[in-house]
Every structure is written in C-alpha cells, then in structure tokens.
Amino acid sequence: MSQVKNIVVIPGDGIGTEIISATRRVVDEAFSQVSVGANWIEKRAGGAAIDVDGVPLPQDTIDAAKKADAVLLGAVGGPKWDKVDPAIRPEKAILGLRKELGLFCNLRPIKIFPSMRAYSPLKAELVDKVDFVIVRELTGGIYFGQRQEASGSGEQEAAWDKEEYARYEVERIMQIAVETAKKRRGQVTSVDKANVLASSRLWRKIAEETAQKNADVNFDYLYVDNAAQQMVVKPGQFDVLVTTNLFGDILSDEGAVISGSIGLLPSASIGQGTALYEPIHGSAPDIMGQGIANPLGTILSAAMMCRYSLDLPQVADKIEAAVERTLEEGYRTGDIYTEGMKRVGTDQMADVVISYL
Ligand code: NAD
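Being a predicted model, the structure only gives us computed values, none of them experimental. (Residues numbered from 1 in each chain as written. Predicted model: local features only at pLDDT ≥ 70, side-chain atom pairs only at ≥ 80, totals over all residues. Heavy atoms only, no water.)

### Structural notes on the overall build of the protein chain
And then number 1: Helices and strands together make up the secondary structure of the protein chain, namely 12 helices and 14 strands.
And then number 2: Computed over its C-alpha atoms, the radius of gyration of the protein chain comes to 21 Å, within 12% of the 21 Å expected for a compact globule of 357 residues.
And then number 3: For the protein chain, with 357 residues in total, the buried portion stands at 53%.
And then number 4: Long-range contacts, defined as pairs at least 24 residues apart, comprise 75% of the intrachain contacts of the protein chain with a sequence gap of at least 6. (Helix = DSSP H or I, 4+ residues; strand = E, 2+ residues; numbered from the N terminus. Rg over C-alpha atoms; globule rule 2.2 N^0.38 Å. Buried < 20%, exposed > 50% of the residue type's maximum accessible area, 1.4 Å probe, protein only. Contact = heavy atoms within 4.5 Å.)

### Thoughts on the packing of aromatic side chains
And then number 1: For the structure shown, the criterion picks out three aromatic pairs.
And then number 2: Between Phe 132 and Phe 238, the aromatic rings sit 5.7 Å apart at their centres with planes inclined by 65 degrees, giving edge-to-face as the arrangement. Placement of the pair is Phe 132 in strand S5 (residues 131–137) and Phe 238 in the loop between helix H8 (224–233) and strand S10 (240–243), with a sequence separation of 106 residues. Phe 238 carries the same exposure label as Phe 132, and that label is buried.
And then number 3: Taking 5.4 Å as the distance between ring centres and 65 degrees as the angle between the ring planes, the aromatic pair formed by Tyr 165 and Trp 203 counts as edge-to-face. Residue Tyr 165 is located in the loop between strand S7 (158–161) and helix H6 (167–182), and its partner Trp 203 is located in helix H7 (residues 198–213); the two are separated by 38 residues in the primary sequence.
And then number 4: You can call Trp 203 buried: its relative accessible area is 0%.
And then number 5: The ring centre of Phe 104 lies 4.1 Å from the NZ or CZ of Arg 172, which sits over that ring. (Phe/Tyr/Trp six-rings, centres within 6.5 Å; stacked < 30°, edge-to-face > 60°. Lys NZ or Arg CZ within 6 Å of the ring centre and 35° of its normal.)

### Describing the domain arrangement of the protein chain
Frequently, the measure chosen for interface size is the accessible area that the parts lose on association.
And then number 1: Parsing the protein chain into structural domains produces domain 1 (1–104 + 264–357) and domain 2 (121–258).
And then number 2: Taking the mean C-alpha position of each, domain 1 and domain 2 sit 26 Å from one another.
And then number 3: The interface of domain 1 with domain 2 comprises nine residues on the first partner and 10 residues on the second.
And then number 4: Between domain 1 and domain 2, the buried area comes to about 830 Å², and carbon and sulfur atoms account for 71% of it.
And then number 5: Looking only at domain 1, the three residues that lose the most surface to domain 2 are Arg 98, Phe 104 and Tyr 308, adding up to 63% of its buried area. (Domains from an automatic or database assignment. Buried area = accessible area lost by both parts, 1.4 Å probe.)

### Focus on the packing of helix H1 (residues 16–32) against helix H12 (residues 346–355)
And then number 1: At their nearest, the axes of H1 and H12 sit 9 Å apart, and the two run at 15 degrees to each other. Judged by the angle between their axes, H1 and H12 are roughly parallel. Judged by the twist between their axes, the crossing of H1 over H12 is right-handed. Of the residues in H12, those in contact with Glu 18, Ile 19, Ala 22, Arg 25, Val 26 and Glu 29 of H1 are Thr 346, Asp 347, Ala 350, Asp 351, Val 353 and Ile 354.
And then number 2: Per-class residue counts for the contact of H1 with H12 are six nonpolar, one polar and five charged. (Axes fitted to C-alpha atoms, helices over the stretch in contact; angles between N-to-C directions. Parallel < 35°, antiparallel > 145°, perpendicular 65-115°, else oblique. Left-handed = near helix turned anticlockwise from the far one by under 90°. Nonpolar A, V, L, I, M, F, W, Y, C, P; charged D, E, K, R; others polar.)

### Some points on the site of the ligand
And then number 1: Around the ligand there are 19 residues in total, and Glu 91, Gly 282, Ala 284, Asp 286 and Asn 294 lie nearest to it.
And then number 2: Within the side chain of Asp 286, an N or O atom sits 2.8 Å from an oxygen atom of the ligand.
And then number 3: Note that a nitrogen atom of the ligand is positioned 2.9 Å from one of the backbone N or O atoms of Asn 294.
And then number 4: Protein coverage of the free-state accessible area of the ligand, which is 810 Å², stands at 67%.
And then number 5: When the residues that make up the shell around the ligand are grouped by side-chain class, the tally is nine nonpolar, six polar and four charged. (Near = heavy atom within 4 Å. Polar contact = N/O pair within 3.5 Å; in protein donor to acceptor, adjacent residues only side chain to side chain. Areas by Shrake-Rupley, 256 points an atom, 1.4 Å probe, with all protein chains shown as cover.)

### Digging into the nonpolar core
And then number 1: Counting residues in hydrophobic clusters, the biggest one holds 85 residues, and the most contacted among them are Phe 31, Leu 107, Phe 132, Val 135, Tyr 277, Ile 319 and Val 323.
And then number 2: Considering each element in turn, this core owes the most residues, eight residues, to helix H10 (residues 296–308).
And then number 3: Inspection of this core shows a minimum of three residues originating in each of domain 1 (1–104 + 264–357) and domain 2 (121–258).
And then number 4: Sequence-distant contacts of Leu 107, that is, excluding residues within four places in its chain, are made with Val 133, Ile 134, Val 135, Ile 176, Thr 180, Ser 267, Ala 268, Ile 270, Met 304 and Tyr 308.
And then number 5: Val 8, Ala 45, Ile 94 and Leu 276 belong to the second-largest nonpolar core, a separate cluster that totals 17 residues. (Core = buried A, V, L, I, M, F, W, Y, C linked by side-chain atoms within 4.5 Å.)

### A look at the packing of helix H11 (residues 313–328) against H12
And then number 1: Relative orientation of the contacting elements H11 and H12 amounts to 115 degrees, with a least axis distance of 8 Å. Once H11 is placed against H12, the crossing between them reads as right-handed. Along its contact with H11, which presents Ala 322, Val 323 and Thr 326, the element H12 presents Met 349, Val 352 and Val 353.
And then number 2: Across the contact of H11 with H12, the residue classes break down as five nonpolar, one polar and no charged.

### Notes on the sheet that holds strand S4 (residues 105–111)
Backbone hydrogen bonds hold the strands of a sheet together, and the pairing may be parallel or antiparallel.
And then number 1: Spatially, the 10 strands line up as an open sheet ordered S2-S1-S3-S12-S11-S4-S5-S10-S8-S9, and their pairing is mixed. Every other strand in the sheet has two partners, leaving strand S2 (36–42) and strand S9 (218–223) as the edge strands with one partner each. The sheet shows a mean angle of 25 degrees between the axes of neighbouring strands, direction not considered.
And then number 2: Note that S4 and strand S11 (residues 266–270) share three bridges and pair antiparallel. (Pairing = 2+ DSSP bridges.)

### Regarding the side chain of Thr 61
And then number 1: Relative to the elements of secondary structure, Thr 61 occurs in helix H3 (residues 59–67).
And then number 2: Since its relative accessible area comes to 1%, Thr 61 is described here as buried.
And then number 3: Sequence-distant contacts of Thr 61, that is, excluding residues within four places in its chain, are made with Ile 10, Lys 43 and Arg 44.

### Description of helix H4 (residues 92–101)
And then number 1: Along H4, the residues classified as buried are Ala 93, Ile 94, Gly 96, Leu 97, Arg 98 and Leu 101.
And then number 2: Against strand S1 (3–12), H3, strand S3 (70–75), S11 and strand S12 (276–279) lie the buried residues of H4.

Listed below in structure tokens is the structure:
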C-alpha cells in the first residue's frame, strides 16, 4: 500500500450498522484499486454508547476522531432512548462531535441522477440537471444566539432569540463556498434577508467583498424567500448556495425533498478539525435488522470523504459513477423500488456498486 488513511467509523444505531458495513466494503475495494489502505477505527456514539458507556459521546470517540483523517457516521437515535435524560440524548453525539471538531460548515449536495428524476415531486423537466451544493453555516446565528424564554403575562407575554453573525464567521463560510465552487461550475449564490435583517446586511457585505477578491467565481445574491421559490421553480440554475444556519436548515430540507429520496443524500460537516461525513437520513428503526436499508446515501458520503478529506478525488469520482450506473441499471432498495426494477437488499446493493467500480 502506498498510503493508509485513518478513518474513524461510527455505525451508531438502527440501520447504522448495516449501511456502514456495506459502505466499508465499497471503500475497501475502491481503495485497493489505487493501492490505498483504509485503517478503520470503529468507535461508539449515540444510543449504542449510552448503553455501554452511559453517555452518547465517549471521550475515547472524541480523541480518536481528532486524530483521524476523517470520520464516517451511520446514524444515531431510536425509540429505545426516547425517554433518556435530555442531557444525554443520542443526538447530542452529533452536536458534540461538531463542537469538539470545530465543524462550522455543513455541505449538502443535492443531485438528482437522471434515472431518479421520476422520484422527485417536481416535474421531470424542472429537475433536469439538478446538481448543486448547499453550504450552510453551522455553529452561529440564531440557533446559538442568546434567547429569552417566554416571560410576562397576558398580551405582554414575550420571548426572543438573537440572530448574530461576526465577520470571521461569515468570512470563513464564504471561503468554503468559493473553494467548493472552484471545484465545480464556479457559481456562488449567497442567500440572506438583507432587505430586513442587520445581520444579513453584514452577511451580504462580506459576500460582496469575497466576490471582489475572487474574480474567477461568479457571485449572485438572493433573498431567502426568493431562493425558496427558485429551488422549486428552476432548481437547475444553482451550483453552490451559501447561507446562514437558520436559512440553511430550511433550504437543505427543501433540497432533500426535491431529490425524491432521503436514502440517497450524503452530507459533510467540515471546519477546523477532522471532518464528519454522514447520510442525511436517520437510524430508520422501523426497518433496522432486515437488511433492506438503502446504503447509497452512506456510500456517497464516503465519496465526499474521499474528495474533501482524503485527497482522493479520483476515488470519489469512481464511487459516484458506480452509484449512478447502479441506479441506471435499475437496482433499487425498497425505499426507491418501483414496478419493473430489480429489488435488492443493503448488501446486494453494495455488491452491485462494487461490480461497477
Ligand atoms: P429517518 O430518516 O430515520 O426515517 C424516516 C423514514 O425514512 C423511515 O420510514 C425510514 O424507514 C426511511 N429511511 C430512512 N433512511 C433510509 C434508508 N437508508 N433506506 C431506506 N429507508 C430509509 O427519520 P426518523 O424516523 O424521523 O428518525 C428515526 C431516528 O433517527 C430518531 O431517533 C431520530 O432522532 C434519528 N435521526 C438521526 C439522525 C442522524 O443520526 N443524523 C438524523 C435524523 C434523525
């Protein structure tokens, strides 16, 4: 092996174990074709960690993640832990990892493979060529600002949340948007509400400064209400869409819906430390243990990991092309199955992807 990549792998809960084991096989095969080794360091988080360690994110998992080249996660949570103390809920594992690793940016590619157009709730001609990335600020804005719970009484009862952005927070997310666009079609759309919000006016000012410093990237600016409309009216126009934590939360779910299947979408959280890659879906406890979960969202997350953290863009391309071919040839897990297609389980889907690598 010419090089070895250290990957912390966290299966988590529910279907996590199944989709991660399928993904590992795909990555191992893709790596072996370019003489790269994968050193998988398996760690616990979520409900699985609550059961064994008493906390959703053991220190041992944090320490290993900090030292690794990348972290690949399945999913966490499930009904078994619905009644645990809110301070140790399984989802705290993901928030904790983002905080410990300084992950201030979420990258969510929204791509509709040609063979999957019919699954979108939008008309086929609208979803033609949908292939964009939402770059969402992840650790600032109103979700992390000061808040005042409801107080007072009667008509005067009131509550508030503060939306605040500092220059450094906007500058670093714009930088990621620019770098992402340079690897794609060179177009950044910055989304804000600068006609109303002071925090958005700072956001836009810094976006315009970033545009001036990067003449090779084409910037445009949309108010969030218009962006939400454009995503359903003409989603093919976007390349990289950069926005705040709150607006990104909403727009990335809108993007997921137009793609038609949450089982297919990958994501990455990146920032100062080791980056974290995971599918956007949850632990799907309703189908766990049956071997029928769709592993493609996790396999595509691994492809992102190869591109953004492991400096293996050729492996990323290869995995993505193999997934696309698998779908074109009609292989479907139950969540995306339609009459006339070839129904497969989690492991078989991975086998087909491997055969097309
Ligand atoms: P979910 O995404 O787990 O499931 C929603 C529906 O989609 C279910 O019917 C499920 O069977 C199906 N589904 C999801 N992924 C699939 C896949 N890969 N293949 C086939 N079908 C798939 O969302 P939920 O039901 O709201 O949440 C279940 C648990 O997951 C909860 O405990 C929730 O807190 C947790 N969750 C975790 C994450 C995460 O780990 N990042 C994200 C969302 C939800």
